[in-house]
Amino acid sequence: MHRLCKHGFHRTFQSAVIMNRAWTLFKSHPYIPNVLGYTTLFATADLIQQSMMGNAKDKVTEHKPDRMGQDLSKMSTEGVTVAGEAKTDDLTYNTKISDPEGNGKALEENKTSTPVQHVPQLHGIDWAQTARVALVGFCFHANFNYHWLRGLERMFPGGGAKRVSLKVFLDQLFAAPMTISAFYIGLSALEGAEDPLEDWRNKFWTSYQTGVVYWSAMQAVNFSLIPPVARTVFVGGVALGWTVFLCNFKQQKSDFLS
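Residues numbered from 1 in each chain as written. Predicted model: local features only at pLDDT ≥ 70, side-chain atom pairs only at ≥ 80, totals over all residues. Heavy atoms only, no water.

> Before we go on, may I ask you to explain a nonpolar patch on the surface in this structure?
Where nonpolar side chains cluster on the molecular surface, the patch consists of Tyr31, Ile32, Leu36 and Phe138 and spans about 380 Å² of accessible area. Of the residues forming the nonpolar patch, the biggest block, three residues, is contributed by helix α2 (residues 31–52). Position of isoleucine 32 relative to the elements: it lies in helix α2. (Patch = residues over 30% accessible without salt bridge, like charges linked within 9 Å, V, L, I, M, F, W, Y side chains within 5 Å. Areas by Shrake-Rupley, 256 points an atom, 1.4 Å probe, with all protein chains shown as cover. Salt bridge = Lys/Arg side-chain N within 4 Å of Asp/Glu carboxyl O. Helix = DSSP H or I, 4+ residues; strand = E, 2+ residues; numbered from the N terminus.)

> I would appreciate a short explanation of the packing of helix α4 (residues 161–190) against helix α6 (residues 231–251) in the present structure.
The relative placement of two packed helices is expressed as an angle between their axes plus a distance between the axes. In the contact formed by α4 and α6, the axes pass within 12 Å of each other and the chain directions differ by 50°. For the element pair α4 / α6, the angle class is oblique. Our pair here, α4 against α6, has a crossing hand that is right-handed. Facing α4, whose interface residues are Lys167, Ile180, Phe183, Tyr184, Leu187 and Ser188, α6 presents Arg231, Trp242, Thr243, Leu246, Cys247, Phe249 and Lys250. (Axes fitted to C-alpha atoms, helices over the stretch in contact; angles between N-to-C directions. Parallel < 35°, antiparallel > 145°, perpendicular 65-115°, else oblique. Left-handed = near helix turned anticlockwise from the far one by under 90°. Contact = heavy atoms within 4.5 Å.)

> What should I look at first to understand the pattern of salt bridges in this one?
Pairing is possible between side chains that carry opposite charge, provided their charged atoms lie close to one another. Under the defined criterion, the tally for this structure stands at six salt bridges. Put simply, arginine 231 and glutamate 153 hold a salt bridge, and the shortest N to O gap is 2.5 Å. In this pair, arginine 231 sits in helix α6 while glutamate 153 sits in helix α3 (residues 127–155), placing the two residues 78 residues apart along the sequence. Of the residues examined, arginine 231 reaches a relative accessible area of 4% and is grouped as buried. When its relative accessible area of 15% is taken as the criterion, glutamate 153 is described as buried. Here glutamate 191 ties to lysine 250 by a salt bridge, and the two come within 3.1 Å at their closest N and O atoms. Here the residue glutamate 191 occupies a position in the loop between α4 and α5 (198–225), and lysine 250 occupies one in helix α6, the gap between them amounting to 59 residues. For glutamate 191, a relative accessible area of 37% corresponds to the partly exposed category. (Buried < 20%, exposed > 50% of the residue type's maximum accessible area, 1.4 Å probe, protein only.)

> What is the right way to read the nonpolar core from this model?
Nonpolar side chains in soluble globular proteins generally cluster together in the buried interior. Core analysis: the biggest nonpolar cluster contains 30 residues, and Tyr38, Trp148, Ile180, Phe183, Tyr184, Trp215 and Phe223 have the highest contact counts within it. Looking at this core, the elements with two or more residues in it are α2, α3, α4, α5 and α6. If one sorts the elements of this core by residue count, α4 sits on top with nine residues. Residues within four places of phenylalanine 223 in sequence aside, it is in contact with Leu149, Leu152, Val164, Lys167, Val168 and Arg231. (Core = buried A, V, L, I, M, F, W, Y, C linked by side-chain atoms within 4.5 Å.)

> Honestly, α4 in this entry has me stumped. Any pointers?
The terminal C-alpha atoms of α4, which comprises 30 residues, lie 41 Å apart, in line with the 44 Å expected from a rise of 1.5 Å per residue. For α4, the principal kink sits at alanine 175 and spans about 40°; a proline, proline 177, occurs within the next four residues. Taken from the residues just after α4, glycine 192 is the one with a positive phi, measuring 75°. (Expected span 1.5 Å × (residues − 1). Bend = angle between axes of the 7 residues up to and from the residue.)

> Would you mind going over α2 with me for this structure?
Structurally, the α-helix is built with 3.6 residues per turn, so residues lying three or four positions apart point the same way. Helix length check: α2, at 22 residues, gives a terminal C-alpha distance of 32 Å against a target of 32 Å (1.5 Å per residue), a fit within 8%. If you check which residues of α2 are buried, you get Asn34, Val35, Tyr38, Thr39, Phe42, Ala43, Ala45, Asp46, Gln49 and Gln50. All buried residues of α2 lie within an arc of 150° about the axis, which places them on one face of the element. The exposed set on the far side of α2, more than 90 degrees from its buried face, consists of Ile32, Thr40 and Met52. (Arc of directions from axis to C-beta.)

In structure tokens, the structure reads:
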């Protein structure tokens, strides 16, 4: 029992030493882990979006039956009048056939069409899209957030309600519009869109309104509780859910949104 306790204490002590060294290295070289961590989380958000909401889920294709018998009202063929009625809700067609002499004889025939077939189609991850998201995240968002957060802390150091509120206000006033715009315009340009500003025009305002509510709370936590050296990584972790929303929102058709 004594040996087990001693061995457990020794392993805990070694883990603490490793964590302390890693934290010291992180503080001495904050740029690389912050930027790489942010970029990785940014790309992971697109993979989550594709797996849960987009390209990687099973899509069901509906094969609807032929509707040629729907509009058969009052057709005359070789002296026979055919009056057709179609019910598209239950996919059952009632056809009445009467002779031209008006003897009052009618034949009702119910024909049940082939039921709707559901064909699952498994789509893989679009790695090109994920690469584009990662490129935008690395080239702009990760580097911008790293320098922006450091600059805010230098201009307005410390915590306190007033300082935190001021930094959150400036972040939403300047940084939020820039990062949202860079996301839509950057991805559209990398996709080779004819009009790189189309998604930005149709989706910016909705994204910004949603982001103000979400990011104001997250940045308040960031500026008040997280050490300045780790704030970019924290933003990257918080941005995971936000980027899933943006990636999914971007895939929606602009015509529908407008």
